[in-house]
Amino acid sequence: MTELPADVETDYPLARLTTVRTGGPADYFARPESADDLVTLLAWAKGAEVAVGVVGSGSNLLVADEGFRGLAMKLGGALTEIERDGRHLRCGGGARLPSAAAKAAGWGLSGLEFGINIPGTAGGAVRMNANAYGGQLAEVLEWVEVATAVGTERRPPEAFEFVYRNSNLADGEVVSRASFALTPGDPAEIKATLASMRGRRREAQPSGIKTFGSTFKNPDDPRAEGRSAGQLLEAAGCRGLRHGGARFSPKHANFVENMGEATTADVLALMAAGRRRVKERFGVEMEPEVQVLGDVEVPGWVAR
């Protein structure tokens, strides 16, 4: 194996970086602070034939109980910065989307309000084509800089072939920077919209506990009759359903909570049970929304 880059840690516990707090360690871990750092790490991983994973906010991530046999990275430094350039908002790939939405509001820029309720990063939002409360990432995304083992390149939104909760960003490609083209507006009005959105989230979803965001995608199956994943799970009797240390939230059935000592295996078994109940009740195949690191077999996951 090629020489380990400086500042790369070994046997790093990843559970602490996820909101659900499950999973084992990564063989290698680094906190790149610039696009050049990213390229160096990706080039090392490619040469060493080591898998690469990025931990964003950790809010939609399951790590295998056995850990991740690869290089996990959490972006820092310049890769988390948020800057204004006229009506454009420039974000590092590791910038938190709620922070970007709040800063945009303060600068009187509208269009990114939906990001206030997406507990992820700008890079994760691109990878997952994040949207919420009617807002669409693709509508405001201007360009994305992607780091690979050979350098960085700027791509337009259409290059990512966005579909619901997915993009074509490949393994070994990491968003280092993104630009959003926004619309000038009244800062007070935009902030009021953010406050309203935060309130709706607090009322509907669990917070302040060990959980990750939406577990299953909202289905487009006509048998769902327009119901969301959470509504289907609730109707199938999954609200509060528990397996080991994991349960579907009593507040919102599409959120999994760690009750204290849950393992990733507990979470996966609970997801399988919920998926089975919805299939038996409605004939609808639920597709997971969570991301994984390590050897994790997610029930119902479909590769794109």
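Residues numbered from 1 in each chain as written. Predicted model: local features only at pLDDT ≥ 70, side-chain atom pairs only at ≥ 80, totals over all residues. Heavy atoms only, no water.

Asker: Any chance you could explain the environment of G76 here in plain terms?
Answerer: When you line up the elements, G76 lands in the loop between β5 (68-73) and β6 (82-85). Linking G76 and G93, residues 17 residues apart in sequence, is a C-alpha distance of 9.1 Å. Residues within four places of G76 in sequence aside, it is in contact with P32 and E33. (Helix = DSSP H or I, 4+ residues; strand = E, 2+ residues; numbered from the N terminus. Contact = heavy atoms within 4.5 Å.)

Asker: How should I be thinking about the environment of T264 in this particular structure?
Answerer: Mapped onto the secondary structure, T264 falls in helix α7 (residues 264-282). The buried category is assigned to T264, whose relative accessible area is 2%. Between the alpha carbons of T264 and E66 there is a distance of 9.4 Å; along the sequence they are 198 residues apart. Ignoring anything within four residues of it in the chain, the contact list for T264 reads T22, G23, L62, V63, A64 and D65. (Buried < 20%, exposed > 50% of the residue type's maximum accessible area, 1.4 Å probe, protein only.)

Asker: Help me out: how do you make sense of the nonpolar core in this one?
Answerer: The nonpolar side chains of a soluble globular protein tend to be buried, and buried together. Of all hydrophobic cores here, the largest spans 29 residues; its most connected members are L62, L233, F248, M271, V278 and M286. Broken down by secondary-structure element, the contributors of at least two residues to this core are α6 (229-235), β17 (246-248) and α7. Ranked by residues supplied to this core, first place goes to α7 with 7 residues. Apart from residues lying up to four places away in sequence, M271 is in contact with L62, T215, F216, F248, P288, V290, V298 and P299. Listed in part, the 26 residues of the second largest apolar core include A95, L112, A122 and V140. (Core = buried A, V, L, I, M, F, W, Y, C linked by side-chain atoms within 4.5 Å.)

Asker: Help me understand the side chain of T211 in this model?
Answerer: Among the secondary structure elements, T211 is positioned in strand β15 (residues 211-212). A distance of 2.5 Å separates the side chain of T211 from the backbone oxygen of V256, its partner in a polar contact. Not counting residues up to four positions away in its chain, the partners in contact with T211 are T19, V20, F255, V256 and E257. (Polar contact = N/O pair within 3.5 Å; in protein donor to acceptor, adjacent residues only side chain to side chain.)

Asker: Can you help me understand a negative patch on the surface in this one?
Answerer: Together, D7, E9, E33, D36 and D37 make up a negatively charged patch on the protein surface. The topology assignment puts D7 in the segment before β1 (9-13). Judged by relative accessible area, D7 falls into the exposed class, the value being 71%. (Patch = residues over 30% accessible without salt bridge, like charges linked within 9 Å, V, L, I, M, F, W, Y side chains within 5 Å. Areas by Shrake-Rupley, 256 points an atom, 1.4 Å probe, with all protein chains shown as cover. Salt bridge = Lys/Arg side-chain N within 4 Å of Asp/Glu carboxyl O. Lys, Arg positive; Asp, Glu negative; His and termini not counted. Charge placed at Lys NZ, Arg CZ, Asp CG, Glu CD.)

Asker: I tried to follow the pairing of strand β12 (residues 151-155) on my own but got confused; where do I start?
Answerer: Sheet topology places strand β11 (residues 141-148) next to β12; 5 bridges connect them, and they run antiparallel. Looking at the pairing, T148 lines up with G151 of β12. Between β11 and β12, which pair antiparallel and follow one another directly, the connecting turn spans 2 residues. (Pairing = 2+ DSSP bridges.)

Asker: Which parts of the structure should I look at to understand unusual backbone geometry?
Answerer: Glycine aside, the phi torsion of most residues is negative, and most peptide linkages are trans. With phi around 50 degrees, D11 is a residue other than glycine that occupies positive phi space. Secondary-structure assignment places D11 in strand β1. When its relative accessible area of 55% is taken as the criterion, D11 is described as exposed.

Asker: Looking at this structure, how should I read the side chain of T121?
Answerer: Checked against the element boundaries, T121 lands in the loop between β8 (109-110) and α3 (122-128). Since its relative accessible area comes to 9%, T121 is described here as buried. At 3.5 Å, the side chain of T121 forms a polar contact with the backbone oxygen of G93.

Asker: For this particular structure, what's the right way to read the pairing of strand β7 (residues 88-92)?
Answerer: A regular strand carries its side chains on alternate faces of the sheet. When you tally the buried positions in β7, you get 5 out of 5 residues, the bulk of the element. Covered by surrounding structure in β7 are H88, R90 and G92 together with L89 and C91, the residues of both alternating faces. With 4 bridges joining them, β6 and β7 adopt antiparallel strand pairing. Across the sheet, residue E83 finds its bridge partner in β7, namely R90.

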